[in-house]
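Notes for the structure review
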Amino acid sequence: MSMLKTESLSIHFGGLKAVDQVNLEIQKGQLFGLIGPNGAGKTTFFNLLTGVYRPTLGKILFDGKDITSTPTVERSHLGIRRTFQNIRLFKGLTVLENALIAYDQKLSYSIFDTFALNKKFDSQEKVAAEKALSLLQLFQLDRHVHEKAGDLPYGAQRKLEIIRTLMSDPKLILLDEPAAGMNHSETEQLMNLIRKVRDDFNLTVLLIEHDMKLVMGLCEQIAVLDYGVKIAQGAPQEVSRNPKVIEAYLGLEAES
Ligand SMILES: Nc1ncnc2c1ncn2[C@@H]1O[C@H](COP(=O)(O)OP(=O)(O)O)[C@@H](O)[C@H]1O
Ligand SMILES: [Mg+2]
(Lines give C-alpha, C1' and ligand atoms only; values in the text may rest on other atoms or scores of the structure.)
(Ligands and ions follow the chains in the order given, each with its own letter.)
Protein backbone atom coordinates (compact mmCIF):
# COMPACT_ATOMS: atom_id res chain seq x y z
CA MET A 1 0.00 0.00 0.00
CA SER A 2 1.50 3.24 -1.17
CA MET A 3 1.48 6.27 1.16
CA LEU A 4 3.38 8.63 -1.07
CA LYS A 5 4.22 8.47 -4.73
CA THR A 6 5.91 11.01 -6.93
CA GLU A 7 5.92 10.75 -10.70
CA SER A 8 8.56 12.64 -12.68
CA LEU A 9 8.54 15.27 -9.96
CA SER A 10 10.63 18.24 -11.08
CA ILE A 11 11.31 21.85 -10.26
CA HIS A 12 13.54 24.18 -12.17
CA PHE A 13 14.87 27.46 -10.80
CA GLY A 14 15.89 29.27 -13.96
CA GLY A 15 18.41 26.95 -15.56
CA LEU A 16 18.92 24.87 -12.42
CA LYS A 17 17.10 21.56 -12.23
CA ALA A 18 16.94 21.35 -8.43
CA VAL A 19 14.69 18.28 -8.58
CA ASP A 20 14.70 16.42 -11.86
CA GLN A 21 12.13 13.76 -12.81
CA VAL A 22 12.12 12.01 -9.45
CA ASN A 23 9.97 8.88 -9.16
CA LEU A 24 9.63 7.74 -5.59
CA GLU A 25 7.21 5.43 -3.87
CA ILE A 26 6.96 5.05 -0.11
CA GLN A 27 4.86 2.32 1.40
CA LYS A 28 2.60 2.80 4.42
CA GLY A 29 4.55 2.34 7.62
CA GLN A 30 7.90 2.50 5.91
CA LEU A 31 10.95 4.22 7.34
CA PHE A 32 12.42 5.75 4.23
CA GLY A 33 15.68 7.69 3.92
CA LEU A 34 16.44 10.38 1.38
CA ILE A 35 20.13 11.07 1.24
CA GLY A 36 22.57 12.90 -0.97
CA PRO A 37 25.34 15.48 -0.87
CA ASN A 38 24.66 19.10 0.05
CA GLY A 39 22.72 20.88 -2.66
CA ALA A 40 21.37 17.61 -4.08
CA GLY A 41 17.75 18.84 -3.86
CA LYS A 42 16.58 17.04 -0.72
CA THR A 43 15.04 20.03 1.05
CA THR A 44 13.56 21.24 -2.23
CA PHE A 45 11.94 17.83 -2.61
CA PHE A 46 10.30 18.34 0.82
CA ASN A 47 9.17 21.80 -0.25
CA LEU A 48 7.47 20.20 -3.24
CA LEU A 49 5.80 17.54 -1.07
CA THR A 50 4.44 20.14 1.35
CA GLY A 51 3.36 22.56 -1.37
CA VAL A 52 5.82 25.36 -0.61
CA TYR A 53 6.87 25.04 -4.26
CA ARG A 54 4.75 24.08 -7.24
CA PRO A 55 6.47 21.55 -9.49
CA THR A 56 7.58 22.52 -12.97
CA LEU A 57 6.55 19.02 -13.97
CA GLY A 58 5.21 15.85 -12.43
CA LYS A 59 2.73 14.61 -9.90
CA ILE A 60 2.43 13.90 -6.18
CA LEU A 61 0.05 11.22 -4.90
CA PHE A 62 -0.60 11.01 -1.18
CA ASP A 63 -2.57 8.09 0.18
CA GLY A 64 -3.94 7.52 -3.30
CA LYS A 65 -5.02 11.14 -3.81
CA ASP A 66 -3.47 13.54 -6.31
CA ILE A 67 -2.28 16.47 -4.18
CA THR A 68 -0.09 18.16 -6.79
CA SER A 69 -2.24 21.31 -6.66
CA THR A 70 -3.44 21.01 -3.06
CA PRO A 71 -2.56 24.02 -0.87
CA THR A 72 0.00 23.58 1.91
CA VAL A 73 -2.49 23.95 4.78
CA GLU A 74 -4.75 21.33 3.29
CA ARG A 75 -1.85 18.91 2.86
CA SER A 76 -1.09 19.30 6.52
CA HIS A 77 -4.73 18.56 7.36
CA LEU A 78 -4.51 15.46 5.18
CA GLY A 79 -1.71 14.27 7.47
CA ILE A 80 1.64 15.45 6.08
CA ARG A 81 3.79 17.15 8.69
CA ARG A 82 7.41 18.25 8.53
CA THR A 83 10.36 19.58 10.44
CA PHE A 84 12.81 22.11 9.08
CA GLN A 85 16.53 21.88 8.47
CA ASN A 86 16.79 25.23 10.28
CA ILE A 87 14.76 24.74 13.44
CA ARG A 88 11.50 26.69 13.52
CA LEU A 89 10.03 26.99 16.99
CA PHE A 90 8.30 29.79 18.88
CA LYS A 91 11.47 30.46 20.82
CA GLY A 92 9.86 32.84 23.33
CA LEU A 93 7.13 30.37 24.27
CA THR A 94 7.52 27.42 26.59
CA VAL A 95 8.19 23.89 25.46
CA LEU A 96 4.64 22.86 26.39
CA GLU A 97 3.09 25.83 24.56
CA ASN A 98 5.06 24.96 21.45
CA ALA A 99 3.66 21.45 21.53
CA LEU A 100 0.09 22.63 22.22
CA ILE A 101 0.06 25.12 19.36
CA ALA A 102 0.90 22.28 17.01
CA TYR A 103 -2.20 20.40 18.08
CA ASP A 104 -4.62 20.18 15.22
CA GLN A 105 -5.67 23.60 13.99
CA LYS A 106 -9.18 22.25 13.56
CA LEU A 107 -9.71 22.82 17.27
CA SER A 108 -12.21 25.46 18.17
CA TYR A 109 -10.14 27.50 20.60
CA SER A 110 -7.80 30.25 19.49
CA ILE A 111 -4.07 30.12 19.96
CA PHE A 112 -4.37 32.77 22.65
CA ASP A 113 -6.56 30.57 24.81
CA THR A 114 -3.86 27.94 24.86
CA PHE A 115 -1.51 30.47 26.43
CA ALA A 116 -3.80 30.79 29.43
CA LEU A 117 -2.79 27.41 30.73
CA ASN A 118 -3.99 28.09 34.24
CA LYS A 119 -7.60 28.50 33.13
CA LYS A 120 -9.99 25.58 33.35
CA PHE A 121 -9.23 23.09 30.59
CA ASP A 122 -12.09 22.04 28.44
CA SER A 123 -12.00 18.47 27.24
CA GLN A 124 -10.19 19.17 23.96
CA GLU A 125 -7.53 21.12 25.73
CA LYS A 126 -7.16 18.33 28.22
CA VAL A 127 -6.62 15.80 25.45
CA ALA A 128 -4.04 18.09 23.86
CA ALA A 129 -2.21 18.61 27.13
CA GLU A 130 -2.14 14.91 27.91
CA LYS A 131 -0.85 14.15 24.46
CA ALA A 132 1.81 16.83 24.70
CA LEU A 133 2.96 15.66 28.10
CA SER A 134 3.18 12.03 27.10
CA LEU A 135 5.22 12.91 24.01
CA LEU A 136 7.47 15.19 26.04
CA GLN A 137 8.01 12.34 28.44
CA LEU A 138 8.79 9.88 25.66
CA PHE A 139 11.38 12.29 24.25
CA GLN A 140 12.72 12.97 27.74
CA LEU A 141 11.85 16.65 27.60
CA ASP A 142 9.34 16.55 30.45
CA ARG A 143 11.81 18.27 32.79
CA HIS A 144 11.76 21.27 30.46
CA VAL A 145 8.00 21.79 29.94
CA HIS A 146 7.93 25.31 31.36
CA GLU A 147 11.25 26.47 29.94
CA LYS A 148 11.37 28.73 26.92
CA ALA A 149 11.97 26.70 23.76
CA GLY A 150 14.77 29.07 22.76
CA ASP A 151 16.65 28.26 25.97
CA LEU A 152 16.81 24.52 25.27
CA PRO A 153 20.01 22.92 24.04
CA TYR A 154 20.08 22.45 20.30
CA GLY A 155 19.40 18.71 20.34
CA ALA A 156 16.36 19.20 22.57
CA GLN A 157 14.99 21.84 20.18
CA ARG A 158 15.26 19.33 17.35
CA LYS A 159 13.32 16.80 19.41
CA LEU A 160 10.66 19.40 20.21
CA GLU A 161 10.21 20.03 16.49
CA ILE A 162 9.52 16.33 15.99
CA ILE A 163 7.05 16.32 18.87
CA ARG A 164 5.23 19.20 17.18
CA THR A 165 4.79 17.09 14.03
CA LEU A 166 3.34 14.27 16.14
CA MET A 167 0.73 16.38 17.95
CA SER A 168 -1.76 16.24 15.10
CA ASP A 169 -1.80 12.47 14.46
CA PRO A 170 -0.03 12.73 11.10
CA LYS A 171 0.14 9.94 8.55
CA LEU A 172 3.46 10.95 7.08
CA ILE A 173 6.23 12.89 8.78
CA LEU A 174 9.04 14.50 6.86
CA LEU A 175 12.17 15.05 8.91
CA ASP A 176 14.82 17.33 7.43
CA GLU A 177 18.20 16.41 8.92
CA PRO A 178 16.77 15.72 12.39
CA ALA A 179 20.16 14.81 13.85
CA ALA A 180 22.08 17.79 12.48
CA GLY A 181 24.26 19.28 15.20
CA MET A 182 23.76 16.35 17.55
CA ASN A 183 26.59 14.33 19.03
CA HIS A 184 26.90 10.59 18.56
CA SER A 185 24.90 9.45 21.59
CA GLU A 186 22.14 12.05 21.02
CA THR A 187 21.91 10.87 17.43
CA GLU A 188 21.63 7.25 18.46
CA GLN A 189 18.91 8.06 20.98
CA LEU A 190 17.04 10.06 18.34
CA MET A 191 17.18 7.25 15.81
CA ASN A 192 15.68 4.87 18.38
CA LEU A 193 12.93 7.38 19.12
CA ILE A 194 12.10 7.78 15.46
CA ARG A 195 11.79 4.02 15.13
CA LYS A 196 9.63 3.87 18.24
CA VAL A 197 7.18 6.57 17.17
CA ARG A 198 6.91 4.97 13.75
CA ASP A 199 5.94 1.69 15.44
CA ASP A 200 3.73 3.15 18.18
CA PHE A 201 1.82 5.63 16.04
CA ASN A 202 1.71 3.60 12.86
CA LEU A 203 3.48 6.33 10.94
CA THR A 204 5.24 6.60 7.65
CA VAL A 205 8.54 8.44 7.95
CA LEU A 206 10.60 10.11 5.26
CA LEU A 207 13.91 11.22 6.66
CA ILE A 208 16.47 13.44 4.97
CA GLU A 209 20.03 12.89 6.00
CA HIS A 210 23.29 14.20 4.77
CA ASP A 211 25.35 11.60 6.61
CA MET A 212 24.93 8.27 4.84
CA LYS A 213 26.16 6.17 7.77
CA LEU A 214 23.52 7.59 10.05
CA VAL A 215 20.53 6.31 8.08
CA MET A 216 22.02 2.91 7.38
CA GLY A 217 20.94 1.42 10.70
CA LEU A 218 17.53 3.05 10.69
CA CYS A 219 15.94 3.17 7.27
CA GLU A 220 14.49 0.20 5.45
CA GLN A 221 14.75 1.79 2.07
CA ILE A 222 16.98 4.59 0.89
CA ALA A 223 16.88 6.81 -2.17
CA VAL A 224 19.87 8.87 -3.19
CA LEU A 225 19.67 12.27 -4.86
CA ASP A 226 22.55 13.91 -6.65
CA TYR A 227 22.15 17.17 -8.56
CA GLY A 228 18.37 16.77 -8.39
CA VAL A 229 18.40 13.29 -9.93
CA LYS A 230 17.62 10.05 -8.14
CA ILE A 231 20.78 8.06 -8.79
CA ALA A 232 19.98 5.01 -6.67
CA GLN A 233 17.41 3.34 -4.48
CA GLY A 234 17.38 0.18 -2.40
CA ALA A 235 18.06 -1.40 0.94
CA PRO A 236 20.85 0.33 2.93
CA GLN A 237 23.52 -2.28 2.11
CA GLU A 238 22.70 -2.19 -1.56
CA VAL A 239 22.81 1.59 -1.75
CA SER A 240 26.07 1.90 0.18
CA ARG A 241 27.78 -0.44 -2.30
CA ASN A 242 26.42 1.34 -5.36
CA PRO A 243 29.35 2.83 -7.33
CA LYS A 244 27.30 5.90 -8.38
CA VAL A 245 26.54 6.63 -4.74
CA ILE A 246 30.13 6.17 -3.64
CA GLU A 247 31.24 8.49 -6.39
CA ALA A 248 28.72 11.17 -5.43
CA TYR A 249 29.94 11.10 -1.83
CA LEU A 250 33.63 10.83 -2.66
CA GLY A 251 33.28 13.76 -5.03
CA LEU A 252 31.92 15.74 -2.14
CA GLU A 253 34.82 14.82 0.13
CA ALA A 254 37.32 15.77 -2.54
CA GLU A 255 35.74 19.24 -2.81
CA SER A 256 35.69 19.97 0.90
N1 LIG B 1 14.12 29.03 -4.11
C2 LIG B 1 15.23 28.68 -4.77
N3 LIG B 1 15.68 29.42 -5.81
C4 LIG B 1 16.79 29.08 -6.49
N5 LIG B 1 17.53 28.00 -6.21
C6 LIG B 1 17.15 27.22 -5.19
C7 LIG B 1 15.99 27.51 -4.42
N8 LIG B 1 15.84 26.54 -3.46
C9 LIG B 1 16.86 25.72 -3.64
N10 LIG B 1 17.66 26.10 -4.66
C11 LIG B 1 18.84 25.41 -5.17
O12 LIG B 1 18.47 24.07 -5.39
C13 LIG B 1 19.56 23.19 -5.09
C14 LIG B 1 19.11 22.15 -4.07
O15 LIG B 1 18.99 22.77 -2.79
P16 LIG B 1 18.48 21.99 -1.52
O17 LIG B 1 17.20 21.33 -1.87
O18 LIG B 1 18.44 22.95 -0.40
O19 LIG B 1 19.62 20.91 -1.31
P20 LIG B 1 19.84 19.87 -0.11
O21 LIG B 1 18.72 20.02 0.85
O22 LIG B 1 19.92 18.54 -0.75
O23 LIG B 1 21.17 20.26 0.49
C24 LIG B 1 20.70 24.08 -4.60
O25 LIG B 1 21.56 24.32 -5.69
C26 LIG B 1 19.99 25.33 -4.18
O27 LIG B 1 20.83 26.43 -4.24
MG1 LIG C 1 18.70 20.54 2.83
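**Structural notes on the side chain of threonine 94**
- Of note, threonine 94 is situated in the loop between β6 (80–82) and α3 (95–101).
- Under the relative-accessibility criterion, threonine 94 is labelled buried at 15%.
- Excluding residues that lie within four positions of it along the chain, threonine 94 makes contacts with Val145, His146, Glu147, Lys148 and Ala149.

**Here's the deal with the domain arrangement of the protein**
- One can read the domain layout of the protein as domain 1 (1–79 + 171–256) and domain 2 (91–169).
- Contact residues are listed per partner, giving 20 residues for domain 1 and 15 residues for domain 2.
- Taking both sides of the interface into account, the surface hidden between domain 1 and domain 2 amounts to around 1,300 Å²; carbon and sulfur atoms contribute 69%.
- Area buried by domain 1 at its contact with domain 2 is led by His77, Gln189 and Leu193, which between them contribute 30% of it.

**A short note on the packing of aromatic side chains**
- Tallying each qualifying case throughout the model produces one aromatic pair.
- Between the aromatic rings of phenylalanine 13 and tyrosine 53, the centroid separation amounts to 5.3 Å while the plane-to-plane angle is 75°, which identifies the pairing as edge-to-face. Of this pair, phenylalanine 13 sits in strand β1 (residues 2–13) while tyrosine 53 sits in the loop between α1 (42–50) and β4 (57–62), and the two are 40 residues apart along the sequence.
- Looking at arginine 88, its charged tip hangs above the ring of phenylalanine 84, at a distance of 3.8 Å from the centre.

**Topic: the pattern of salt bridges**
- Following the criterion strictly, the structure yields seven salt bridges and no others.
- Among the ionic pairs, arginine 198 bridges to glutamate 220, the shortest N-O distance being 2.9 Å. With arginine 198 in helix α7 (residues 184–201) and glutamate 220 in the loop between α8 (212–216) and β9 (221–226), this residue pair connects regions lying 22 residues apart in the sequence.
- When its relative accessible area of 11% is taken as the criterion, arginine 198 is described as buried.
- By relative accessible area, which is 36% here, glutamate 220 ends up partly exposed.
- Here the residues in one salt-bridge network are Lys28, Asp63 and Lys171, joined through shared partners.

**Details of the coordination of the magnesium ion (ligand 2)**
- Protein-derived ligands of the magnesium ion (ligand 2) are Thr43 (OG1) and Gln85 (OE1), with the metal-ligand distances lying across 2.1 to 2.2 Å. One end of the pair, threonine 43, is in helix α1; the other, glutamine 85, is in the loop between β6 and α3, and 42 residues separate them in sequence.
- Taking the relative accessible area as the measure of exposure, glutamine 85 reaches 27% and is therefore partly exposed.

**A closer look at the packing of helix α5 (residues 123–138) against helix α6 (residues 154–166)**
- Axis separation between α5 and α6 bottoms out at 10 Å; the angle between their running directions is 140°. Crossing angle aside, the handedness with which α5 passes α6 is right-handed. Contacts between α5 and α6 involve Lys131, Leu135 and Leu136 from the first element and Leu160, Ile163 and Leu166 from the second.
- Looking at the contact of α5 with α6 residue by residue, the class counts come to five nonpolar, no polar and one charged.

Criteria and cut-off values
- Along each chain, numbering runs from 1 in the same order as the chain's sequence is written.
- In the order they appear in the text, chains get letters beginning with A and ligands get numbers beginning with 1.
- It should be noted that, the model being predicted, local features are given only for residues of pLDDT at least 70 and side-chain atom pairs only at 80 or more, the latter also being counted only at that level, while totals for whole chains, interfaces and linings use all residues.
- Water and hydrogen atoms play no part in the side-chain values, which are based on all heavy atoms of the structure.
- Helix and strand labels come from DSSP, where a helix needs a run of H or I of at least four residues and a strand needs a run of E of at least two; each type is numbered from the N terminus.
- Think of it in three bands: residues with accessible area under 20% of the maximum for their type are buried, residues over 50% are exposed, and the middle band is partly exposed, with areas taken using a 1.4 Å probe on protein chains only.
- Two residues qualify as a contact provided that any one of their heavy atoms is within 4.5 Å of a heavy atom in the partner residue.
- Throughout, the edges of the domains are those of an automatic or database domain assignment.
- Note: buried area is the sum, over both parts, of the accessible area (probe 1.4 Å) each one loses when the two are combined.
- Working definition: a ring pair exists when centres of Phe, Tyr or Trp rings (six-membered ring for Trp) sit within 6.5 Å. Plane angles under 30 degrees give stacked, over 60 give edge-to-face, the rest tilted.
- Whether a charge sits over a ring depends on NZ of Lys or CZ of Arg being within 6 Å of the ring centre and within 35 degrees of the ring normal.
- By convention in these notes, a salt bridge is any Lys or Arg side-chain nitrogen within 4 Å of a carboxyl oxygen on Asp or Glu.
- Listed donors are limited to N, O and S atoms within 2.8 Å of the metal, widened to 3.2 Å for Na, K and Ca; water is not among them, so incomplete-looking sites are possible.
- Fitted lines through C-alpha atoms give the axes, limited to the stretch in contact for helices. The angle between two N-to-C directions lies from 0 to 180 degrees.
- For any pair of crossing helices, the crossing counts as left-handed if the nearer helix is rotated counterclockwise from the farther one by less than a right angle, and right-handed if it is rotated clockwise.
- Nonpolar residues are Ala, Val, Leu, Ile, Met, Phe, Trp, Tyr, Cys and Pro. Charged residues are Asp, Glu, Lys and Arg, and all others, Gly as well, are polar.

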